[in-house]
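So the chains spell out like this:
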Amino acid sequence: IMRKIGIIAAILMIVTSSFFTGCITTEQGTLTLKITDAPGDFNISEALVTISYVEVHIAAGGNNSSSAEWVTVVNESQQFDLILLENVTDILATTTLDVGIYTQIRLHISEALVTIDGVQYDLEIPSETVKLVNQFIIQPEETTTLILDFDIQESIHKTGNDEYILQPTIRVIEE
């Protein structure tokens, strides 16, 4: 009797598993990334930042996968003048992503220039990759909008010899 119960349970598990596997679909939602700059009082008339590509990290279990992975959402260079973005936003990307929990955003900054008191400086970028650890969820058929709020005043540091470095200070705000 115990053996028969075990066989019946195994058959039920296989049938149930097969049924649900056939029902799994890859649902998708939309991610919109916007960029803005908080106002400041440093005498910067221009702050050009070139973002060459952007990736997001989906946690394990997302898109029916058992492993976490990076997904590229922007794969072309875009230049933004952060000073012109004070209190306004510009769209960095709108893309369709698989439903799931995302844990991080990576911005790859390839170039940065700043004009202070009428003089343009090439900013040294210690790390071309800016990691923003911020969880967000992509829901089926919904749009998730994130604003990447640069604080250019906190991001630029003078090192001496009239040289400046860019260490981005960015806040992620879900709209």
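Residues numbered from 1 in each chain as written. Predicted model: local features only at pLDDT ≥ 70, side-chain atom pairs only at ≥ 80, totals over all residues. Heavy atoms only, no water.

1. Regarding the pattern of salt bridges
- Evaluation of the coordinates by the stated rule reveals three salt bridges.
- A salt bridge links E175 to K34; the nearest nitrogen and oxygen atoms lie 3.3 Å apart. Here the residue E175 occupies a position in the segment after β12 (170-174), and K34 occupies one in strand β1 (residues 28-37), the gap between them amounting to 141 residues.
- Judged by relative accessible area, which is 57%, E175 ranks as exposed.
- Its salt-bridge partner being D149, residue R171 comes within 2.9 Å of it at the nearest N-O pair. One end of the pair, R171, is in strand β12; the other, D149, is in strand β9 (residues 143-150), with 22 residues separating them in the sequence.
- The exposure class assigned to D149 is buried, which follows from its relative accessible area of 9%. (Salt bridge = Lys/Arg side-chain N within 4 Å of Asp/Glu carboxyl O. Helix = DSSP H or I, 4+ residues; strand = E, 2+ residues; numbered from the N terminus. Buried < 20%, exposed > 50% of the residue type's maximum accessible area, 1.4 Å probe, protein only.)

2. Regarding the environment of I152
- Along the chain, the position of I152 falls in helix α2 (residues 152-155).
- Between the C-alpha atoms of I152 and L166, which are 14 residues apart in sequence, the distance is 8.7 Å.
- Apart from residues no more than four positions distant in its own chain, I152 is found in contact with D37, I44, A47, L82, I83 and L166. (Contact = heavy atoms within 4.5 Å.)

3. Looking at the sheet that holds β12
- If you walk across this open sheet you meet the four strands as β5-β1-β9-β12, and the pairing is mixed. Only two strands of the sheet have a single partner each, and these edge strands are β5 (90-98) and β12. On average, adjacent strands in this sheet sit at an angle of 20° to one another, irrespective of strand direction.
- Alignment of β1 against β5, held across eight bridges, turns out to be antiparallel. (Pairing = 2+ DSSP bridges. Axes fitted to C-alpha atoms, helices over the stretch in contact; angles between N-to-C directions.)

4. Side note on the confidence of the model for the protein chain
- Predicted confidence across the protein chain gives a mean pLDDT of 82, with 79% of residues reaching 70 or more.
- Across residues 1-23, where pLDDT falls below 50, the model places zero contacts with residues more than four positions away in sequence or in other chains. (pLDDT = per-residue confidence, 0-100.)

5. What about the side chain of T32?
- Within the secondary structure, T32 sits in strand β1.
- Assessed through its relative accessible area of 8%, T32 is described here as buried.
- When residues no more than four places from it in sequence are discounted, the contact partners of T32 are A93, T94, T143, T144, T145 and L146.

6. A short note on the pairing of strand β11 (residues 163-166)
- Relative to β11, strand β10 (residues 156-160) runs antiparallel, the two sharing four bridges. Bridging across to β11, I156 finds its partner in L166.

7. Some words on the side chain of T95
- Inspection of the secondary structure assignment puts T95 in strand β5.
- Since its relative accessible area comes to 19%, T95 is described here as buried.
- For T95, the residues in contact, after removing those within four places along its chain, are G29, T30, L31 and V73.

8. Comments concerning unusual backbone geometry
- Of note in this structure, D117 is not a glycine but carries a positive phi near 50°.
- Here D117 is to be found in the loop between β6 (100-116) and β7 (119-122).
- At E141, a position not held by glycine, the phi torsion is positive, near 60°.
- As for its placement among the helices and strands, E141 is situated in the loop between β8 (129-138) and β9.

9. Focus on the packing of aromatic side chains
- Under the counting rule described, the total for this entry stands at two aromatic pairs.
- Aromatic pair Y102 and F136: ring centres 5.3 Å apart, planes at 10°, arrangement stacked. You can see Y102 sitting in strand β6 and its partner F136 sitting in strand β8, a full 34 residues away along the chain. Both residues of the pair, Y102 and F136, count as buried.
- Across from the ring centre of W70, 3.7 Å away, lies the NZ or CZ of R106, which sits over that ring. (Phe/Tyr/Trp six-rings, centres within 6.5 Å; stacked < 30°, edge-to-face > 60°. Lys NZ or Arg CZ within 6 Å of the ring centre and 35° of its normal.)

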